[in-house]
Amino acid sequence: MFAEENGLHGDPRIKAISDAIRVVPHFPKPGIMFQDITTLLLDPKAFRYTVDIFVDRYRDKKISVVAGVEARGFIFGPPIALAIGAKFVPLRKPRKLPGEVISEAYVLEYGTDCLEMHVGAVQPGESVLIVDDLVATGGTLSAAIRLLERVGAEVVECACVIGLPLVKGNWRLNGVPLYVLVEPRLDDLECTL
């Protein structure tokens, strides 16, 4: 669900977050309206609001692991983990982690990819929050859920800063709730699809 539909309607922090995200038309290819969160990171107030809203939501949910999806989940995940007293576990692209890993492949619209995690980083029964910057179709987050469930973790929720309209109304991925702060700002709707 979008934050505005869950008690934050009219909250000025949501507008500040949305306004801080730069839209880059036709990047990385024609027709894409890239949602650039680097400008959000340049705005300390908006960045703080982003982390604070997530922390307020998850502080009392007894989450023991925050798993961040490479690469932008590594930006938002650690401050959330520290604030709620959880450990942070990176979910990386192939061959980025030393040591023994467990992998989960998934299909993209233009090919395949894979997420990896260190064996033993998450224990059976641990409660996990998955964090990423953006959800488009849910394919990457679904792979993250499968990876964590394979080691016996309970994925409590997936949290993203931005959710594309394609996911609106589909607030569950593999049965796991999805929480999104803002919809993308679109300067030209025809470029998004």
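Small disclaimer: the values here were computed from a predicted structure and weren't measured. Residue positions within a chain follow its written sequence, with the count starting from 1. Local features in a predicted model are, by the rule used here, given only for residues with pLDDT of at least 70; side-chain atom pairs are given and counted only at 80 or more, and totals for whole chains, interfaces and linings are based on all residues. Side-chain measures here rest on the full set of heavy atoms in the structure, leaving out hydrogens and waters.

Draft legend 1. Inspection of the overall build of the protein at higher detail. Put simply, DSSP marks the helices as runs of H or I at least four residues long and the strands as runs of E at least two long, and each gets a number from the N terminus on. When its secondary structure is counted, the protein shows 5 helices and 10 strands. With C-alpha atoms as the basis for the radius of gyration, the globule rule is written as 2.2 Å multiplied by the number of residues raised to the power 0.38. Taking 16 Å as the expected radius of gyration for a compact globule of 193 residues, we find that the protein reaches 16 Å, a close match to that expectation. Partly exposed residues are those whose accessible area sits between 20% and 50% of the maximum for their type, while under 20% is buried and over 50% is exposed, using a 1.4 Å probe and protein chains only. Across the 193 residues in the protein, those meeting the buried criterion constitute 46%. Any two residues whose heavy atoms approach within 4.5 Å are treated as being in contact. A fraction of 60% describes how many contacts in the protein between residues 6 or more apart in sequence connect residues 24 or more apart.

Draft legend 2. Region of the structure containing the packing of helix 3 (residues 44-58) against helix 4 (residues 73-84). Lines fitted to C-alpha atoms define the axes here, with helix axes fitted over just the stretch in contact, and angles between the N-to-C directions of these axes take values from 0 to 180 degrees. One way to put it is that helix 3 packs onto helix 4 with a least axis distance of 9 Å and a crossing angle of 50°. Taken together, the axes of helix 3 and helix 4 lie oblique to each other. Note on packing geometry: the crossing formed by helix 3 with helix 4 is right-handed. Within the contact between the two elements, helix 3 uses F47, T50, V51, F54, V55 and Y58 and helix 4 uses I75, F76, P79, I80, A83 and I84. Any residue that is not Ala, Val, Leu, Ile, Met, Phe, Trp, Tyr, Cys, Pro, Asp, Glu, Lys or Arg is counted as polar, Gly included; the first ten are nonpolar and the last four charged. Grouping the amino acids of the contact of helix 3 with helix 4 by side-chain chemistry returns 11 nonpolar, 1 polar and no charged. Any angle from 65 to 115 degrees is called roughly perpendicular, while one under 35 is roughly parallel, one over 145 is roughly antiparallel, and all others are oblique. When the near helix sits turned anticlockwise from the far one by under a right angle, the crossing is termed left-handed; a clockwise turn instead gives a right-handed crossing.

Draft legend 3. Up close: the nonpolar core. Throughout, nonpolar core names a set of buried Ala, Val, Leu, Ile, Met, Phe, Trp, Tyr and Cys residues whose side chains join them through atoms within 4.5 Å. Formed by 30 residues in total, the largest nonpolar core has its most connected members in L91, M117, V122, I130, L141 and L148. Mapped onto this core, the elements with two or more residues apiece are strand 3 (65-69), strand 4 (87-91), strand 5 (101-108), strand 6 (111-118), strand 7 (127-135), helix 5 (139-150), strand 8 (154-163) and strand 10 (176-182). Examining the composition of this core, we find that 6 residues originate from one element, helix 5, more than from any other. The contact partners of L148, leaving out residues within four places of it in the chain, are A67, L91, M117, V122, V128, I130, A153 and V155.

Draft legend 4. Representation of unusual backbone geometry. Residue P28 is bonded to the preceding F27 through a cis peptide linkage, with omega at 5°. The peptide bond linking E70 to A71 adopts the cis configuration, its omega dihedral lying at -5°. Here the phi dihedral of R95 falls at roughly 65°; this positive angle occurs in a residue that is not glycine. Following the sequence through the fold, R95 ends up in the loop between strand 4 and strand 5. At N174, a position not held by glycine, the phi torsion is positive, near 50°. Mapped onto the elements of the fold, N174 is located in the loop between strand 9 (172-173) and strand 10.

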